[in-house]
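A closer look at the structure
Next come the chains, spelled out residue by residue.
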Amino acid sequence: MSSEAALTPTEYIQHHLSFLAKPVGGGGSFWTLHVDSVVTAAILGVISIGLLWWVVRGATAGVPTKRQAFVELMFGFVDDQVKGIFHGKRDFVTPTALTVFVWVLLMNAMDFLPVDIVAKILGWVGIHEWRMVPTADVNTTFALALSVWLLMIFFSIKVKGLGGFIHELFCSPFGSNPLLWPANFLFNLVEYISKPLSHSLRLYGNMYAGEIIFLLLWLWAATGLVGTVFGAILGVGWAIFHILIVALQAYIFMMLTIVYISMAHESH
Amino acid sequence: MNINLTLIAQAVAFAVFIWFTVKFVWPPLLRAIEQRQAQIADGLAAAEKGRQSLEVSSKQAEAAIAEARARAQEIIAQAEKRGSQLIDEAKNAAREESGREKAAAKAEIDQEVSRAREALRDQVAALAVAGAEKILRKEINAQAHAELLAQLKKEI
């Protein structure tokens, strides 16, 4: 912040909240790519999934190494959650839940990196706008939620058939009386719309708020000695509390993924 | 908060990561875990089997020991019986032998006694004859009165 003393607080926050947006193709507001979100998410995904893959490739049925035991514990944890909710073959649902969990966890954890130091380092290589937390970008969370939503519809159709899916759309939850069809359909419509929205906005909101509180604390830390001391103390406190939020939100996102996919497997 | 192409890019990335996990991360670990579960189950079953066979063989050993003990008891009883039998036999043989020897000695003694008596009788007869001779020096002829003398000898 010291080097950016000329910035007003608003500018400081705006600076840290602006994406590295690159227009793609003909322009238009949709045709923009948040390079920072995509690249960070991709790197974190490659790191987390690649790490799992690296450990698992050497997996042995005998006495496991500490690394393997750790991965197995994580797998077991996710698999137990899936087992409790989803009753069926888990060879797609568990890996999906695991992917969601480790990826979202890592993306959330980017909140712990000190924004100004990262910005400084990236500034040296000529990048002046970079948001480190992909899950604080609504595009990321919405992408995940929409993918889960599509999986939900896919499995719903796969399990019940297209006819069954449409039947359920009109005949549940209130009954198959034709008079109730509009009510049922409206109900299901609301449900299908609210699911991805709540799924994605919950994660986005938590991460975005966390980011903003960090920024406000750092802003305070730049106002003088007292501010630095209190900003640092509160920053540590918020970071510790944020560990809980980061893990909890990743867990909730995973659980909702499992719940939505498993609900799609049940016929009503 | 603007929705843009990032959404599509992240969704694609998500799909790729899911595909990768389902395809390459999940199966090997699941295989390893299932294999280990099978191994543990086998190990437990083997342990159970070992325990059972140990139980069986210890029971067998117990039975064998009991049998051996009974057999030993029997052998000892037999030996004792045989021993006492031998002692009895020896006692009987000794008793018989001693009886026999006693009888033989008795017979010898009797013989000796009768011989001595005979000799004594002879001597007494001779003495009587000699006495009578002395008394009846003239009248008695040893030859003529031999019959009388023999009868006298017998009476003595």
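Relevant structure appears above.
All of the points below concern the structure found in this document.

1. Remarks on the overall build of chain A
The helix and strand inventory of chain A stands at eight helices and two strands. Along its sequence from the N terminus, chain A presents helices and strands in the succession α-β-β-α-α-α-α-α-α-α. Oriented by its inertia axes, the alpha-carbon framework of chain A measures out at about 70 × 55 × 40 Å. Sorting the 268 residues of chain A into buried and exposed places 43% on the buried side. Residue pairs in contact within chain A that sit at least 24 positions apart in sequence constitute 68% of those at least 6 positions apart. Both charge centroids of chain A, one from 13 positive and one from 15 negative side chains, sit 10 Å from each other.

2. With respect to the overall build of chain B
The secondary structure content of chain B amounts to two helices and zero strands. Here chain B has a C-alpha radius of gyration of 61 Å; the compact-globule value for 156 residues is 15 Å, and the former is much larger. The dimensions of chain B, computed from C-alpha atoms along their principal axes, are 195 × 20 × 20 Å. By residue count, 11% of the 156 residues in chain B fall in the buried class. Across chain B, the 23 positively charged side chains and the 22 negatively charged ones have centroids separated by 5 Å.

3. Some details on the packing of helix α4 (residues 93-109) of chain A against helix α6 (residues 138-171) of chain A
Residue and element names in this part refer to chain A. At their nearest, the axes of α4 and α6 sit 12 Å apart, and the two run at 175 degrees to each other. When the axes of α4 and α6 are compared, the pair comes out roughly antiparallel. Contacts between α4 and α6 pair Thr-96, Trp-103, Val-104 and Met-107 from the former with Thr-140, Leu-144 and Leu-151 from the latter. Split into classes, the residues belonging to the contact of α4 with α6 amount to five nonpolar, two polar and no charged.

4. Structural notes on helix α1 (residues 6-135) of chain B
When the terminal C-alpha atoms of α1 of chain B are compared, their 186 Å separation across 130 residues agrees well with the 194 Å that a helix rising 1.5 Å per residue should span. Along its length, α1 of chain B shows its largest kink, about 40 degrees, at Thr-21 of chain B.

5. A word on the interface of chain A and chain B
Counting residues at the interface gives 51 residues for chain A, matched by 28 residues for chain B. At the boundary of chain A with chain B, total buried surface from both sides reaches about 3300 Å², with 77% on carbon and sulfur atoms. Sorting the residues of chain A by area buried against chain B places Phe-30, Ala-61 and Asn-139 of chain A first, and these three jointly supply 17% of that buried surface. On the surface where chain A and chain B come into contact, there are one salt bridge. A salt bridge links Glu-72 of chain A to Arg-36 of chain B, with the nearest nitrogen and oxygen atoms 2.8 Å apart. Taken together, the links from chain A to chain B amount to 12 residue pairs in polar contact (both at pLDDT 80 or more). When grouped by side-chain class, the residues that make up the side of chain A that touches chain B number 32 nonpolar, 14 polar and five charged.

6. Things to note about the pattern of salt bridges
Going through the model one piece at a time under the given rule, you end up with 12 salt bridges over all chains. In this structure, Arg-90 of chain A engages Asp-79 of chain A in a salt bridge whose closest nitrogen and oxygen atoms are separated by 2.9 Å. Here Arg-90 of chain A, found in the loop between α3 (66-85) and α4, pairs with Asp-79 of chain A, found in helix α3; they are 11 residues apart in sequence, far enough to count as distant. Overall, Asp-79 of chain A belongs to the buried group, its relative accessible area being 11%. In this structure, the salt-bridge partner of Glu-48 of chain B is Arg-51 of chain B, at a minimum N-O distance of 3.1 Å. Highlighted residues: Glu-48 of chain B and Arg-51 of chain B, both in helix α1, separated by three residues, approximately one helical turn.

7. Observations concerning the environment of Ala-247 of chain A
All names here are of chain A. Along the chain, Ala-247 falls in helix α8 (residues 225-265). Between the C-alpha atom of Ala-247 and that of Leu-215, which follows or precedes it by 32 residues, the distance is 20 Å. Those residues within four positions of Ala-247 in sequence are excluded, and the remaining contacts are Phe-101 and Leu-105.

8. Some thoughts on the nonpolar core
The biggest cluster of nonpolar side chains holds 61 residues, and the ones touching the most others in it are Leu-52, Phe-75, Trp-103, Val-104 and Met-254 of chain A. Counting residues per element, this core draws most heavily on α8 of chain A, at 12 residues. Leave out the neighbours within four places in its chain, and Trp-103 of chain A touches Ala-41, Leu-44, Gly-45, Ser-48 and Leu-144 of chain A together with Gln-10, Ala-13, Phe-14 and Phe-17 of chain B. Judged by nonpolar contacts, the second largest core, of six residues, contains Tyr-12, Ile-13, Leu-215 and Leu-219 of chain A.

9. Some details on the side chain of Asn-108 of chain A
Residue and element names in this part refer to chain A. Here Asn-108 is to be found in helix α4. Residue classification places Asn-108 among the buried positions, given a relative accessible area of 0%. For Asn-108, the side chain forms a polar contact with the main-chain oxygen of Val-246, separated by 3.3 Å. Setting aside its immediate chain neighbours within four residues, Asn-108 contacts Val-133, Thr-135, Leu-203, Met-207, Val-246, Gln-249 and Ala-250.

10. Thoughts on unusual backbone geometry
In this model, Ser-172 of chain A is joined to Pro-173 of chain A through a cis peptide bond whose omega is 5 degrees. Relative to the assigned elements, Pro-173 of chain A resides in the loop between α6 and α7 (181-221).

Reading the values: rules and limits
- Residues numbered from 1 in each chain as written.
- Chains lettered and ligands numbered in written order.
- Predicted model: local features only at pLDDT ≥ 70, side-chain atom pairs only at ≥ 80, totals over all residues.
- Heavy atoms only, no water.
- Helix = DSSP H or I, 4+ residues; strand = E, 2+ residues; numbered from the N terminus.
- Buried < 20%, exposed > 50% of the residue type's maximum accessible area, 1.4 Å probe, protein only.
- Contact = heavy atoms within 4.5 Å.
- Lys, Arg positive; Asp, Glu negative; His and termini not counted.
- Charge placed at Lys NZ, Arg CZ, Asp CG, Glu CD.
- Rg over C-alpha atoms; globule rule 2.2 N^0.38 Å.
- Axes fitted to C-alpha atoms, helices over the stretch in contact; angles between N-to-C directions.
- Parallel < 35°, antiparallel > 145°, perpendicular 65-115°, else oblique.
- Nonpolar A, V, L, I, M, F, W, Y, C, P; charged D, E, K, R; others polar.
- Expected span 1.5 Å × (residues − 1).
- Bend = angle between axes of the 7 residues up to and from the residue.
- Buried area = accessible area lost by both parts, 1.4 Å probe.
- Salt bridge = Lys/Arg side-chain N within 4 Å of Asp/Glu carboxyl O.
- Polar contact = N/O pair within 3.5 Å; in protein donor to acceptor, adjacent residues only side chain to side chain.
- Core = buried A, V, L, I, M, F, W, Y, C linked by side-chain atoms within 4.5 Å.

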